[in-house]
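Structural characterization, general
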Amino acid sequence: MTLKIGVIGTGAIGEDHIRRCMQALSGAQIVAVTDVNLERAREVAEKYAPGAKVPEDGESLIALPEVEAVIVTSWGGTHARYVLEAIRHKKYVFCEKPLATSAEDCLKIVEAEAAHGKRLVQVGFMRPYDTGYRALKALIDKGEIGEVLMIHAAHRNQRVGANYKTDMGITDTLIHELDVFRWMLGDDYVSAQVIFPRSSGKAMEHIRDPQIVLLETKKGIRIDVEIFVNCQYGYDIKCAVVGELGEASLPMPPAVELRKAAALSTAIMTDWKERFIAAYDVEVQDFINGVKAGALNGATSWDGYCASVAADACVKAQESGQIEPIAMKPRPALYGG
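A brief report on the enclosed structure follows. (Residues numbered from 1 in each chain as written. Predicted model: local features only at pLDDT ≥ 70, side-chain atom pairs only at ≥ 80, totals over all residues. Heavy atoms only, no water.)

**Notes on helix α6 (residues 131-141)**
Note that an α-helix has 3.6 residues per turn; residues three or four places apart therefore point the same way. Note the threshold: The buried label goes to any residue with under 20% of its type's maximum accessible area, the exposed label to any with over 50%, and the partly exposed label to all in between, with areas taken from a 1.4 Å probe on protein chains only. Secondary structure counts use DSSP, requiring at least four H or I residues in a row for a helix and at least two E residues in a row for a strand, with both numbered from the N terminus. Working definition: the arc comes from the directions between the helix axis and the C-beta atoms, pointing outward to the latter. Throughout this description, a polar contact denotes any pair of N or O atoms lying within 3.5 Å of each other; where both atoms belong to protein, one of them has to be capable of donating a hydrogen while the other can accept it, and for residues adjacent in sequence the pair is counted only when both atoms sit in side chains.
For α6, the complete set of buried residues consists of G132, Y133, L136, K137 and I140. Viewed end-on, α6 has its buried residues packed into an arc of 130°, placing them on one side of the element. For α6, the exposed residues lying more than 90 degrees away from the buried face are T131 and D141. Measuring from the backbone nitrogen of G132 back to the side-chain oxygen at the start of α6 gives 3.1 Å, which picks out D130 as the cap.

**Description of the sheet that holds strand β4 (residues 92-96)**
Going by this rule: In this description, strands pair whenever DSSP reports at least two bridges between them. Lines are fitted to the C-alpha atoms to define the axes, a helix being fitted only along its stretch in contact, and any angle between axes, read from their N-to-C directions, falls within 0 to 180 degrees. Contacts are assigned to residue pairs with any non-hydrogen atoms lying within 4.5 Å of each other.
Ordered in space as β2-β1-β3-β4-β5, the 5 strands form an open sheet in which the pairing is parallel. Either end of the sheet is taken by a strand with one partner, and the two such strands are β2 (28-34) and β5 (121-124). The mean inter-strand angle of the sheet, taken between neighbouring strand axes irrespective of direction, is 20°. In this fold helix α1 (residues 12-24) packs onto β1 (3-8), β2, β3 (69-72) and β4, with an angle of close to 150° to the strand it touches most, β2.

**Topic: the pattern of salt bridges**
The test is simple: Every case where a carboxyl oxygen of Asp or Glu lies within 4 Å of a side-chain nitrogen of Lys or Arg is listed as a salt bridge.
A full pass over the atoms with the stated rule returns 22 salt bridges. The partner of D16 in a salt bridge is R20, with the nearest N and O atoms 3.1 Å apart. Taken together, the residues D16 and R20, both in helix α1 and 4 residues apart, mark about one turn of the helix. For D16, a relative accessible area of 15% puts it in the buried group. On the basis of relative accessibility, which here comes to 0%, the residue R20 falls in the buried class.

**With respect to unusual backbone geometry**
Most peptide bonds take the trans form, and the phi angle of most residues other than glycine is negative. For the bond from K97 to P98, the omega torsion is -5°, close enough to zero to count as cis. Although it is not a glycine, K90 sits at a positive phi angle of roughly 60°. In this fold, K90 is placed in the loop between α4 (79-88) and β4. Residue K90 is classed as exposed on the basis of its relative accessible area, which comes to 58%. The phi angle at A262 is positive, at roughly 60°, despite the residue not being glycine. Along the chain, the position of A262 falls in the loop between β12 (257-260) and β13 (263-266). By relative accessible area, A262 is classed as exposed at 91%.

Function cannot be read off these values alone, since they describe shape.
Printed below as a string of structure tokens:
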């Protein structure tokens, strides 16, 4: 069976998912594409999915009878409305992060899905599909380093554009760590604090960069994450988990070791899409397989809600400079509550 998918949003990640479904993965066909820029949508459809329909908006795409599942890769502020519309039509939907731009809208999605009584939503958090993070979690679960005490992590981008703002260090960047650490530890956050060290002279004047986020979990695990989005040298993700018996670190992506001109070097990636390209492939294939099997396996609406609540607390901590509490609503039974 070929799963017929409609895609809402043809920016960089939307185009890449369309290419992925049509050229790299199995069992799926893109039958409809739309974007706020319809000309852009037509160009992407013609490039990767000739013959795909180009409806005038996301709601029209979701309503098409031939669309069996939806991928939402539009601007974050539109995610909630399209996901809720997909649930209303009882269609499976893969929504790139964030699930919504507020915890309130995430909760509406959780409640709508719970009322439906079955999972229809998968959130596009790809790091749990990365082989390095999977290996790290397996080691933790086996108890190789004993009980986890601390995590030291860093999320560094080479540089960001003029539209990037300080709060996006949380909502666009840290959001991945907020999700993957909950998954890796099987734990929830209880508080957050944000500290701003000396600002980099390479950051634009309207951005405070770098910043350090301090998190505490219910089990008492302490996590510090450095967010540095103008580090200049490349795209670099670090994670060291400290336990009672030892430390386990996220492996670096493989790179050729070069010996030349009396120097030893290895290349560092600069593109986040390349760093996690394999994880994206596995993630979207898992969504396709999950829809066909009638049981999704990836990040849930509840995971999206929890990440959003934590992100809201971190943004508040940016402004207050204080330790801010993180509190979740009761988890519905649909998500194991």
